[in-house]
Amino acid sequence: MAEAERLRRVPGASLAFFLTDRCPVGCGHCSVSARVDGPTIRDWELFGEVVAGVAGLPELRVVAVTGGDPFVERRGLIHAVGAFAAAGKAVVLFTSGYWARPPVPGWIRQVLELTSTVYLSTDSYHAAAAAGVGPQRLRAAAETVLDAGCHLVLQVLDEPGAIEAARELCPTADLSVIAPLPAGRGSGLFAPAPARPLRDFGRCGLLNSPTVRYDGRVSACCNEAVITGAGPAGLRRQVRTAADLAPALAGFRADPALTLVGRHGPAALSLLVDGPVRTICQACWAGVDRVATDPAALAAATVLAGVGAPDGAR
Ligand code: SF4
Ligand code: SF4
């Protein structure tokens, strides 16, 4: 997990591959609002292009395959993991382990054998969901993952008893403790953070983790709301061929407003955005929106932040 986290901070070394919006579990807090009948791969030719684009990125070392639950898309998962592994990328899979009913299908074992690390998500919402994943299923998933030779990370919500339960399930697994996210269905459950001045926020580290979706939509970061279509259009691009992907990612890296957020933090946007804000993303969205209509303000903010005037806005 430490190595995966390290590579997430290296520009170009990692990305998230969002394989499907679909998931059968139905957690009440799902930050991407995944549903059993949610949208999923329809255009297989486009999907093949997108996978080939990711596999062909020379500097890319790790692909984090997520969703929805990637295991719900058997054909897409087999194709994507096979292509990424063949291209020498380390594959990290995010799943709830809902699929671990004995006997576990052979194709799942084959996918896991090509996978470096599996993040198994578990918390009280997963257990209580309509098609919930209880301790027995979770244990079977953990055993299957370890039998296949993968590293195992248990990802738990920061709630009472979660760490102890995870340690009991698998004492040797790495543990990732995450905060509740007020996004997707979670926005109705978890209170948003209180508003704070812009200067309280550091720079955005998630700009090193762009997200490529199965339908060719590419996001500058792995923010769940942005991945699922919220926020300014400037945070997304649409690719149609494998060759479109590298320029789309380069476009995000060259974007002057995102450079301010990623290199200097939201305080550098103070000429563009009125504080206080609840999250760094709120400032980022307002800044990206403002830049779309006011390039002169961007030029002033950029010079103030000391990163030089962006091309086209001098
Ligand atoms: S298992 Fe994950 S993707 Fe599926 S509904 Fe729950 S939180 Fe969402
Ligand atoms: S600050 Fe902007 S780029 Fe960073 S995660 Fe939030 S929306 Fe994405």
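All figures in this text were calculated on a predicted structure; none of them were measured in a lab. (Residues numbered from 1 in each chain as written. Chains lettered and ligands numbered in written order. Predicted model: local features only at pLDDT ≥ 70, side-chain atom pairs only at ≥ 80, totals over all residues. Heavy atoms only, no water.)

Once that is clear, we can look at the overall build of the chain. Along the backbone of the chain there are twelve helices and nine strands. Rg of the C-alpha trace for the chain: 20 Å, near the compact-globule value of 20 Å for 314 residues, within the 12% margin. Seen along its three principal axes, the alpha-carbon backbone of the chain occupies a region of about 65 × 45 × 35 Å. Here the chain holds 314 residues, and 47% of them are scored as buried. Sequence-distant contacts, at least 24 apart, represent 68% of the contacts inside the chain between residues at least 6 apart. (Helix = DSSP H or I, 4+ residues; strand = E, 2+ residues; numbered from the N terminus. Rg over C-alpha atoms; globule rule 2.2 N^0.38 Å. Buried < 20%, exposed > 50% of the residue type's maximum accessible area, 1.4 Å probe, protein only. Contact = heavy atoms within 4.5 Å.)

Attention now moves to the site of ligand 2. Taken together, Cys-204, Leu-206, Leu-207, Cys-221, Leu-235, Val-261, Ile-280, Cys-281, Cys-284 and Trp-285 form the complete shell of residues around ligand 2. With four residues, the single largest contributor to the shell around ligand 2 is helix 11 (residues 280-293). Its residues placed into classes, the shell around ligand 2 shows ten nonpolar, no polar and no charged. (Near = heavy atom within 4 Å. Nonpolar A, V, L, I, M, F, W, Y, C, P; charged D, E, K, R; others polar.)

What follows is about helix 10 (residues 256-263). Residues Ala-257, Leu-258, Thr-259, Leu-260 and Val-261 constitute the buried set of helix 10. For helix 10, the N-terminal capping position is held by Asp-255, with its side-chain oxygen 3.0 Å away from the main-chain nitrogen of Ala-257. Where helix 10 terminates, the next one or two residues include Gly-265, which has phi positive at roughly 90°. (Polar contact = N/O pair within 3.5 Å; in protein donor to acceptor, adjacent residues only side chain to side chain.)

This paragraph deals with the side chain of Arg-236. As for its position among the elements, Arg-236 is in strand 9 (residues 236-238). The buried charged residue Arg-236 lacks any salt bridge, with Asp-289 as its nearest oppositely charged partner at 8.5 Å. A distance of 3.4 Å separates a polar side-chain atom of Arg-236 from the backbone oxygen of Gly-229. A polar contact of 3.0 Å, which involves the side chain of Arg-236, links it to the backbone oxygen of Gly-231. Among residues more than four places away in sequence, those in contact with Arg-236 are Arg-217, Val-218, Ser-219, Val-226, Gly-229, Ala-230, Gly-231 and Phe-252. (Lys, Arg positive; Asp, Glu negative; His and termini not counted. Salt bridge = Lys/Arg side-chain N within 4 Å of Asp/Glu carboxyl O.)

Taken together, Cys-23, Val-25, Gly-26, Cys-27, Cys-30, Gly-68, Ser-96, His-126 and Arg-185 make up the full set of residues adjacent to ligand 1. Grouping the constituent residues of the shell around ligand 1 by class yields four nonpolar, four polar and one charged.

It is worth spelling out the confidence of the model for the chain at this point. Of the residues in the chain, 96% have a pLDDT of 70 or more, and the chain-wide mean is 91. Below a pLDDT of 50 lies the segment residues 308-314, which in the model reaches ten contacts outside its immediate sequence neighbourhood of four places, other chains included. (pLDDT = per-residue confidence, 0-100.)

Taken in spatial order, the nine strands make up an open sheet running 6-5-4-3-2-1-7-8-9, and their pairing is mixed. The open sheet has two edge strands, strand 6 (174-178) and strand 9, and neither has a second partner. The average angle at which neighbouring strand axes cross in this sheet is 20°, direction not considered. Across four bridges, strand 2 (residues 62-66) lies against strand 3 (residues 90-95) in parallel orientation. Residue pairing in the sheet places Val-65 in a bridge with Leu-93 of strand 3. (Pairing = 2+ DSSP bridges. Axes fitted to C-alpha atoms, helices over the stretch in contact; angles between N-to-C directions.)

On to the packing of aromatic side chains, then. Here the structure, examined in full by the defined rule, presents seven aromatic pairs. Here Phe-94 and Tyr-119 contribute two aromatic rings whose centre-to-centre distance is 4.4 Å and whose plane-to-plane angle is 20°, an arrangement assigned as stacked. Linking Phe-94 in strand 3 with Tyr-119 in strand 4 (residues 117-122), this pair joins segments that are 25 residues apart in sequence. For Phe-94, a relative accessible area of 22% translates into the label partly exposed. A relative accessible area of 4% places Tyr-119 in the buried class. (Phe/Tyr/Trp six-rings, centres within 6.5 Å; stacked < 30°, edge-to-face > 60°.)

With that settled, consider a negative patch on the surface. On the surface, Asp-43, Glu-45, Glu-49 and Asp-244 cluster together into a negatively charged patch. Along the chain, the position of Asp-43 falls in the loop between strand 1 (14-18) and helix 2 (44-55). A residue is classified by how much of its surface remains accessible, and Asp-43, at 41% relative accessible area, is partly exposed. (Patch = residues over 30% accessible without salt bridge, like charges linked within 9 Å, V, L, I, M, F, W, Y side chains within 5 Å. Areas by Shrake-Rupley, 256 points an atom, 1.4 Å probe, with all protein chains shown as cover. Charge placed at Lys NZ, Arg CZ, Asp CG, Glu CD.)

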